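# A look at the structure
Take a look at the letters that make up each chain.
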Amino acid sequence: AGAAVLVLCGLIGTCSLRIDTLQQVQALGVLRGATVNSPTTYYEGPAGPTGFEYDLALGLAESLGVELKLVLAAKPSDALEMVRSGRAHLAAAGLAVTPQRSGQVRFSRPYLKVVPQLVSRMGRRVPANLDAVGEGLVVPRHSAAAEFLAGHRTAHPDLSWTEDPDRDTEELLLQVADGEIAYTVAPSDLVAINKRYYPKLRVAFDLSEPLDVAWGFPAGADNSLFVPAQHYLSGLSERYLARLRDRYFGHIEQVDYLGAVTLATHVETRLPKYRELFERAGREFDIDWRLLAAIGYQESHWDPKAVSPTGVKGIMQLTLQTARFLKVADREDPTQSIMGGARYIRRLIDILPADVQHPDRVWLALAAYNLGYGHIIDVRELTRQRNGDPRRWVDVRANLRLLTQPRWHQKTRYGYARGHEAQTYVGNVRTYYDMLVYIFGDAPANPAGEPEVQDRAAPAEDPLNIRTPVL
C-alpha cells in the first residue's frame, strides 16, 4: 500500500499525503542502518557480513519484513550524523549513551553495557587517577571519550588531552601499543579484544560505572519506526542476548598478556615446522587449519614430545586408547598426531545431534575433546533439567561445574568430571583461534564446515570416558 501511495503521488504531482518513517521503510523494502567497521559492531567475513550489532539490526529488519542495508561511517559520531540528516533510519554503531548524544538523537532501550577505560602501554607509569595522567592523552574527536573528559574538566582542572579528527579508537589503541602516544580512552569490550592482538596494552583504571549501549534514532515526533524497534528489543530474552554476547565477546579475556606474547613467539619459532601438516589435515577433514593449530597449541604449545602427567602425548595430546581407535601408532610423530587429532575433532563435531548449530557445535565438540563425549551428554542433560538450552554452548558452559558436585554428578551416567577445566579449555582455544586468524587472515564464518554426520547415536560406553571416539 505504501509503495502504491508513493507511485500515485509521483504521477499526479499534487499529493500532499505525508507518510511516516515506517511506511517509507516498508515501501522501499529496506532498513538503512549506519554503522562502523569494528570487531564489536560489524565487519565483512568471507561468508558475508557479521558482528554483534549486525546480528541485532538484521533481526529488526527481518521482524519488519524488509532487507537490511548498512551504510558505513568512519566514526560513531558520523553514524549519528547520518541519522540526524536522514541518510539512515538508525545508528547501530556501538553507541554509548551519553548526555550530549541524548540531546542529538533518541536512544532505544540498551542491549549492552561497556566501561570507559584509560589505556596505557606496559612499562609506562600507571597514573592513579585523572589528575595524574599528565601529557599524551589522545581520544577521537566527537567521541564519547571526548565528551566524558570534557565533563570532568571542572573536577580535574589539570587534565589535558588532544582530540584526533582522523583516527578512530582502534587506531589510537594501536598507537598506544606502539608507544606513539601515551594514553587513550576506549570502551571495555574494544579494549579486551585488542589486548589479544596488542598484548602490551594495559588498562590503567576504569573511568566510570558501566554505560548503556543502544541504537540511535532521529529525534522528533515520528515514533513509527522507534516503537517497533523498542518492541523488538524488548522481545529479546536475556538468554538470547547472553548467547549473542558470548558469540562475539564471551572468550576475549581468556588469555593474559604472557600467554599472548608466548603464542606470538611460538608462531614464529614452532608453528612453521607444522603449519603444512595443519593445513593438510584441515583440507582433508574440512576444518579451518587455524582451529586445528589452536587446539594443538592449547594441548602442547606445538611440542611433539609433550607428555602430560596422565600419559597423553604429542602435539594433539592423544590418549593411548584414542590413539588405538584412530590407528595412530606413534603419538609423538607430528604427522600422525595432527591427522589423528583432526580426525577426532571432526568426528566429535559430526556426532552431535542435528539440532546443534554452528558455532555452538564446534564449541561443544571442543569441550568433548577435552572432557570426553559422555560427559558432554551428561552436562547437556543437566542443562535441560535446569531449563537451559542444551543446543547452546553458553547454557551448557554454565552447567559444566555441576559435574564436580556430588549431588549433580551422581545423577549422571558418566559421573564426576572437572567441568571447570573444559570451560577454560574451550575459551583458550577460541582465543588462540581468533589470534591466529588475526595473524594469518580472515576466518570463515564457520571454522569447521557443515557436519558430515548428524544425529548419530551416542558413543558406545567407555568406562574411562577419556577422549574415546566412536569409529
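What counts and what doesn't
Residues numbered from 1 in each chain as written. Predicted model: local features only at pLDDT ≥ 70, side-chain atom pairs only at ≥ 80, totals over all residues. Heavy atoms only, no water. Patch = residues over 30% accessible without salt bridge, like charges linked within 9 Å, V, L, I, M, F, W, Y side chains within 5 Å. Areas by Shrake-Rupley, 256 points an atom, 1.4 Å probe, with all protein chains shown as cover. Salt bridge = Lys/Arg side-chain N within 4 Å of Asp/Glu carboxyl O. Helix = DSSP H or I, 4+ residues; strand = E, 2+ residues; numbered from the N terminus. Pairing = 2+ DSSP bridges. Axes fitted to C-alpha atoms, helices over the stretch in contact; angles between N-to-C directions. Contact = heavy atoms within 4.5 Å. Buried < 20%, exposed > 50% of the residue type's maximum accessible area, 1.4 Å probe, protein only. Polar contact = N/O pair within 3.5 Å; in protein donor to acceptor, adjacent residues only side chain to side chain. pLDDT = per-residue confidence, 0-100.

## Considering a nonpolar patch on the surface
Side chains of M122, Y257 and L258 sit close together on the surface and give an oily, nonpolar patch of about 270 Å² of accessible area. Note on placement: M122 falls in the loop between β8 (116-121) and β9 (138-140).

## Quick look at the sheet that holds strand β11 (residues 184-187)
Taken in spatial order, the 3 strands of this open sheet run β11-β8-β12, and their pairing is antiparallel. Sheet topology places β11 and β12 (201-206) at the edges, where each strand pairs with a single neighbour. The average undirected angle you get between the axes of adjacent strands in this sheet is 45°. With 4 bridges joining them, β8 and β11 adopt antiparallel strand pairing. Bridge pairing in β11 links L118 to V185. Relative to β11, helix α7 (residues 169-177) is tilted by about 130°, and along the sheet it contacts β8, β11 and β12.

## Here we look at the side chain of T35
Inspection of the secondary structure puts T35 in strand β1 (residues 30-35). For T35, a relative accessible area of 1% puts it in the buried group. From its side chain, T35 meets the backbone oxygen of A92 in a polar contact 2.7 Å long.

## Brief notes about the side chain of T41
Summarising the element assignment, T41 is placed in the loop between β1 and β2 (43-45). Here T41 is in contact with T35, V36, T50, G51, F52, E53, Y54, A93 and G94, once residues within four sequence places are set aside.

## A closer look at the confidence of the model for the protein chain
Mean pLDDT over the protein chain: 87, with 88% of residues reaching 70 or higher. Low confidence marks residues 1-14, where pLDDT is under 50. Its contacts with residues over four positions away, or in another chain, come to 8 contacts. Low pLDDT, under 50, characterises residues 451-471; the predicted model gives this stretch 69 contacts beyond four residues in sequence or across chains.

## Observations concerning the environment of G374
You can see G374 is positioned in helix α17 (residues 373-385). A relative accessible area of 3% places G374 in the buried class. Sequence spacing of G374 and G415 is 41 residues, and the spatial spacing of their C-alpha atoms is 9.3 Å.

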